[in-house]
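# Coordinates in review
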Amino acid sequence: MATGAASRWRRWLRRTVVGVAATLVAAVALDLLFPLPLPDEDNASTVVLARDGTPLRAFPDADGIWRYPTAPDAVSPLYLDALLTYEDRWFRMHPGVNPLALARAVVQRVRHGRTVSGGSTLTMQVARIIDPHSRSALGKLRQVLRALQLEAHLSKDEILTLYLNHAPFGGTIQGVEAASWAYLGKSAANLSHAEAALLAVLPQAPSRLRPDRHPDLAQRYRDKLLARMRELGRWTAATVQDAQHERVTARTLDPPLQAALLAQRLRVESPRERGIRSTIDRERQAAMEALVAGYLAKLPERTSAALLLVDNASLEALAYVGSGAFADPQRLGHVDMVRAARSPGSTLKPFLYGLALDDGLIHSESLLVDAPQSFGGYRPGNFDQAFNGPVSAADALRLSLNVPAVDLLDRVGAARFAARLANGGLNLQWPRGASPNLALILGGTGATLEDLVGAYAAFNRGGLAAHVRLRAADALVERRLLSPGAAHIVRSVLEANPRPGQSRDTFDPGRRARLAWKTGTSYGFRDAWALGTTRRYTLGVWVGRPDGTPVPGQYGAVTALPLLFQAVDSLPRAAEDAAPAVPPSTVTELDICWPLGTAPEPGQPQLCQEKRSALVLAGTIPPTLPEREATAWHAARLSLRIDARTGRRLSGGCRAAQERTRVVARWPALAQPWLGAWQRKASQLPPLAPGCADDGLDGGANLTIAGVAPGSTLARAPGSTQPPHLSLRALGAQGTVQWLVNGRIKAALDASKPFEHDFDEPGPQAITAMTPSGNFSQLEIQVLR
């Protein structure tokens, strides 16, 4: 009998083992034949976030579903508490199916003839989400098997994460984070008790309970859950009572759309990331977008604008407006003008002056000449076609004069300058086959707003430029662009430039931040720029048409600069923003003298015709730059032998019984037409003594304007509407003659050809004829109305 019992036990054990093994084999086979249809995260929706986690722009998946990725540790504990209490209190303990809950649901359906309570666990709900099925008995079995399969492959937190990201919340919204932003306007990490309960109940009937369509019904379901939380002791009665007082209000479901072009850019750069955190400050972004949109409404049609704001300490982009009208096809709002390469106009000039300072070519008050010049056949002019004669380096930069800038670039070297900019992260772009040339300093190249802003930040970062950071994870890549001293001097020069309509001593009751600013306009009015940097921020503005067509009359100082000022004035202020910067130890302020550009000499007061206070780098005071083509003049500092009896100068082998030495400071030849009478007299040479050989110092004395007498008065002929007309010649000139009227160049003609000009503006008219060597003649006439 014992033997029979043992035999039966062995048979039962064998059958059990075989059954378990068969079950396991069948389970493995089914698992292999029907793998888990987990969501394809590579084709899921993407959300780009501000630095604080606020969504800037969401991109739906291929099916148009909005989903913001999250995880259990990133949502409010209140929500998790409400969710698990409402859906599945035993979630952490069961294997995916709760037999007791299923049995209870079956009994209640048989007894009442309808579903009273569901038996589905949270895992079973996830199974239904990833593998939809019918509500038949076969469908329920399939759901149970999928739930067991989920538990076999995933951890509880992974299953919960699937629910948090894929639970339906009405319409095209899936996941608790997307629902929280859509219905509540906040992250699921920051929910109140009432909000947590609301989001917990919505997936049970997402269409019927949508708060934007059925707020009253949604509130009734929410309050039921709140009461249950009180009954189960999860939340106190006082907490539930307060929560029930919160009304469920309807919201318009507009997807977020801030920094739209930046978001698109980051998504393309990181296609596999579902949640991309940027460096953007949401409030600053909203303010700048509104500012640009309002400003753009005043500009001509088809005009767009771009703005980039960065933090100087980290080079993180705080606001990125790639287009002023993202959804406007007429303004080509889809084109990101922060990244587009456009002609930078004069915006590169501050870097050139900084490099010239580092090279020891200039100090802040070095004497430069703004006059017609030829650089190997290249003849630049100024924006207003006028010339200013002798100017300081600081004034030449502030006034954005073209000839002094081209002169400096010719001395620094165009290729070297472009290479220095590239090393600092400002990569100039050239047409195929082109190379750096003198035109680059006037905009004859391509640059992006992003690179320009990264480079301009160097003026408030001790000369260190850096790549603009768009994501918090991006490394800070810095490059030396200028020395700290050169950066300080250039910034000081640009900060001293008053805003249009103000003088340098204008009282500022608001204590505005010190702003070093520069504008630029490309050839043909195609691009208007304004760049500015304060102690804490650097900001750039571009205005124009993305297709490159001109916008006549629109240029940097008129079109882009006002927007720059508005943006800067809207930024947070601190007391130190208005304080002068402490100069580096390499920068000193010293007196210098024009025309030599050097320090005053106590024993030679006649050499200091104009004293100025200059910012000097490394204690070195470079003299005025030598003239390039003024062959009629010698060195700026001349030491002359003078006949003490007659006062005439001696040359070569000439000798006098009594001689003395006289030192004379000469102005650059090309500056002569703009000098005052006393300046010309101070640098005038004594006449050459009779019998002495020509020393070549009087080379400019024979040029004369013929065709009108000095002091003449011109008027229209009686009964004529034609303005007075003159035909003038430059006698004694050879080669090319530059003709200027009131400082504005009117023609460049061979000396053999007459200068024909209609004087259609009344008043005094200063006429100047000037050769490349510096010889000139000037006279004044009067034109009557």
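Preceding block: the structure.
A quick note: this is a predicted structure, and the numbers were derived from the prediction, not measured.

### Details of the overall build of the chain
Looking only at helices and strands, the chain features 20 helices and 25 strands. Relative to its length of 785 residues, the chain is extended, with a C-alpha radius of gyration of 40 Å against a globular reference of 28 Å. With respect to the three principal axes, the spread of C-alpha positions in the chain is 155 × 70 × 55 Å. Per-residue burial for the chain yields a buried fraction of 51% across its 785 residues. Of the contacts formed within the chain by residues at least 6 apart in sequence, a portion of 68% connects residues at least 24 apart. For the chain, the accessible surface area stands at approximately 36100 Å², while carbon and sulfur atoms represent 54% of it. Here the chain holds 88 positive side-chain charges and 71 negative ones, and the gap between their average locations is 6 Å.

### Examining the sheet that holds strand β19 (residues 713-714)
Pairing is mixed across the open sheet formed by five strands, whose spatial order is β19-β25-β24-β21-β22. Edge positions in the sheet fall to β19 and β22 (744-750), since each of these pairs with one other strand and no more. By the bridge criterion, two bridges tie β19 to strand β25 (residues 776-783) in an arrangement that is parallel. Residue pairing in the sheet places Thr713 in a bridge with Gln782 of β25.

### Section: the side chain of Gln219
Position of Gln219 relative to the elements: it lies in helix α9 (residues 215-231). The residues touching Gln219, leaving out its near neighbours within four places in the chain, are Gln244, Glu246, Arg247 and Val248.

### Re the pattern of salt bridges
Summed over the entire model, instances satisfying the criterion amount to 36 salt bridges. A salt bridge links Asp212 to Arg210; the nearest nitrogen and oxygen atoms lie 2.7 Å apart. Residue class for Arg210 comes out buried when judged on its relative accessible area of 9%. Here Arg461 and Glu478 are joined by a salt bridge, their closest N and O atoms 2.5 Å apart. Residue Arg461 is located in the loop between α17 (449-456) and β8 (464-466), and its partner Glu478 is located in strand β9 (residues 478-480); the two are separated by 17 residues in the primary sequence. Classification of Glu478 as partly exposed rests on a relative accessible area of 36%. In this structure, a network of salt bridges that share partners links the residues Arg491, Glu495, Arg514 and Arg535.

### What to know about the layout of surface pockets
Counted as a void, the second largest pocket has a volume near 1100 Å³. Around the second largest pocket, the lining is made up of 39 residues, and of these Ser346, Asn382, Phe383, Ser400 and Asn402 lie nearest the centre. Mapped onto the lining of the second largest pocket, the elements with two or more residues apiece are α14 (393-398), β10 (516-521) and α19 (556-569). For the lining of the second largest pocket, the element with the most residues is β10, which contributes five residues. In terms of residue class, the lining of the second largest pocket is made up of 17 nonpolar, 16 polar and six charged.

### With respect to the pairing of strand β4 (residues 304-311)
Among the eight residues in β4, seven count as buried, and that is most of the element. As paired strands, β4 and strand β12 (residues 537-544) are joined by eight bridges and run antiparallel to one another. In the strand pairing of β12, Asp311 is matched with Tyr537. Pairing geometry for β4 and strand β5 (residues 317-321), over four bridges, is antiparallel. Counted as the bridge partner of Leu308 is Tyr320 from β5. Counting the residues that bridge the hairpin from β4 to β5 gives five residues, and of these Leu315 lies at a positive phi of roughly 60 degrees.

### What to know about the packing of helix α13 (residues 349-358) against helix α16 (residues 414-423)
Each pair of packed helices gets described by two things: the angle between the helix axes and the distance between those axes. Relative orientation of the contacting elements α13 and α16 amounts to 105 degrees, with a least axis distance of 11 Å. In this view, α13 runs roughly perpendicular relative to α16, as classed from their interaxial angle. Contacts between α13 and α16 pair Phe351, Leu352, Leu355 and Asp358 from the former with Arg416, Phe417, Arg420 and Leu421 from the latter. Residues belonging to the contact of α13 with α16 are distributed by class as follows: five nonpolar, no polar and three charged.

### Focus: a negative patch on the surface
A grouping of Glu756, Asp758, Asp760 and Glu761 is seen on the molecular surface, where their side chains present a negatively charged patch. One can find Glu756 in strand β23 (residues 755-758).

### A short note on the nonpolar core
Of all hydrophobic cores here, the largest spans 82 residues; its most connected members are Leu308, Leu348, Phe351, Tyr353, Phe417, Leu426 and Ile441. Apart from the residues within four sequence positions on either side, Leu348 is in contact with Phe417, Leu421, Leu426, Leu428, Leu440, Ile441, Thr445 and Leu452.

### A few points about the packing of α9 against helix α10 (residues 237-244)
In the contact formed by α9 and α10, the axes pass within 9 Å of each other and the chain directions differ by 175 degrees. If you check the angle between α9 and α10, you find them roughly antiparallel. In this structure, α9 contributes Gln219, Arg222, Asp223, Leu226, Ala227 and Arg230 to the contact, and α10 contributes Ala237, Val240, Ala243 and Gln244. Looking at the contact of α9 with α10 residue by residue, the classes come out as five nonpolar, two polar and three charged.

### Observations regarding empty space enclosed by the protein
For the coordinates displayed, the defined rule picks out seven cavities of 30 Å³ or more. Computed from the structure, the largest cavity encloses a volume of approximately 230 Å³. Elements with a contribution of two residues or more to the lining of the largest cavity: β6 (367-370) and α15 (402-412). Considering each element in turn, the lining of the largest cavity owes the most residues, three residues, to β6. In terms of residue class, the lining of the largest cavity is made up of ten nonpolar, four polar and six charged. Empty space within the second largest cavity amounts to approximately 90 Å³.

### Brief notes about the sheet that holds β23
What the three strands build is an open sheet, ordered β18-β20-β23; its pairing is antiparallel. The two strands at the open ends of the sheet, each matched to only one other strand, are β18 (704-706) and β23. With direction set aside, neighbouring strand axes in the sheet form an average angle of 30 degrees. The pairing of β18 with strand β20 (residues 725-731) spans three bridges and is antiparallel. Its bridge partner lying in β20, Thr704 is registered against Leu731.

### Concerning the packing of aromatic side chains
Considering all chains together, one arrives at six aromatic pairs under this definition. When the ring of Tyr456 is compared with that of Phe459, the centres are 5.6 Å apart and the planes differ by 80 degrees; the resulting orientation is edge-to-face. Per residue, the accessibility class of Tyr456 equals that of Phe459, and both read buried. When the ring of Trp594 is compared with that of Trp667, the centres are 6.2 Å apart and the planes differ by 90 degrees; the resulting orientation is edge-to-face. Here Trp594 is found in strand β13 (residues 587-595), whereas its partner Trp667 is found in the loop between β17 (659-665) and α20 (677-682), with 73 residues between them in sequence. The class of Trp667 is buried, set by a relative accessible area of 2%. Put simply, the rings of Phe351, Tyr456 and Phe459 touch in pairs and so form one group of aromatic residues.

How each quantity is defined
- Residues numbered from 1 in each chain as written.
- Predicted model: local features only at pLDDT ≥ 70, side-chain atom pairs only at ≥ 80, totals over all residues.
- Heavy atoms only, no water.
- Helix = DSSP H or I, 4+ residues; strand = E, 2+ residues; numbered from the N terminus.
- Rg over C-alpha atoms; globule rule 2.2 N^0.38 Å.
- Buried < 20%, exposed > 50% of the residue type's maximum accessible area, 1.4 Å probe, protein only.
- Contact = heavy atoms within 4.5 Å.
- Areas by Shrake-Rupley, 256 points an atom, 1.4 Å probe, with all protein chains shown as cover.
- Lys, Arg positive; Asp, Glu negative; His and termini not counted.
- Charge placed at Lys NZ, Arg CZ, Asp CG, Glu CD.
- Pairing = 2+ DSSP bridges.
- Salt bridge = Lys/Arg side-chain N within 4 Å of Asp/Glu carboxyl O.
- 1 Å grid on protein atoms, 1.4 Å probe; cavity = no way out; pocket = protein on both sides within 12 Å on 5 of 7 lines; lining within 4 Å.
- Points joined across faces, edges and corners; volume = space filled by probe spheres on them.
- Nonpolar A, V, L, I, M, F, W, Y, C, P; charged D, E, K, R; others polar.
- Axes fitted to C-alpha atoms, helices over the stretch in contact; angles between N-to-C directions.
- Parallel < 35°, antiparallel > 145°, perpendicular 65-115°, else oblique.
- Patch = residues over 30% accessible without salt bridge, like charges linked within 9 Å, V, L, I, M, F, W, Y side chains within 5 Å.
- Core = buried A, V, L, I, M, F, W, Y, C linked by side-chain atoms within 4.5 Å.
- Phe/Tyr/Trp six-rings, centres within 6.5 Å; stacked < 30°, edge-to-face > 60°.

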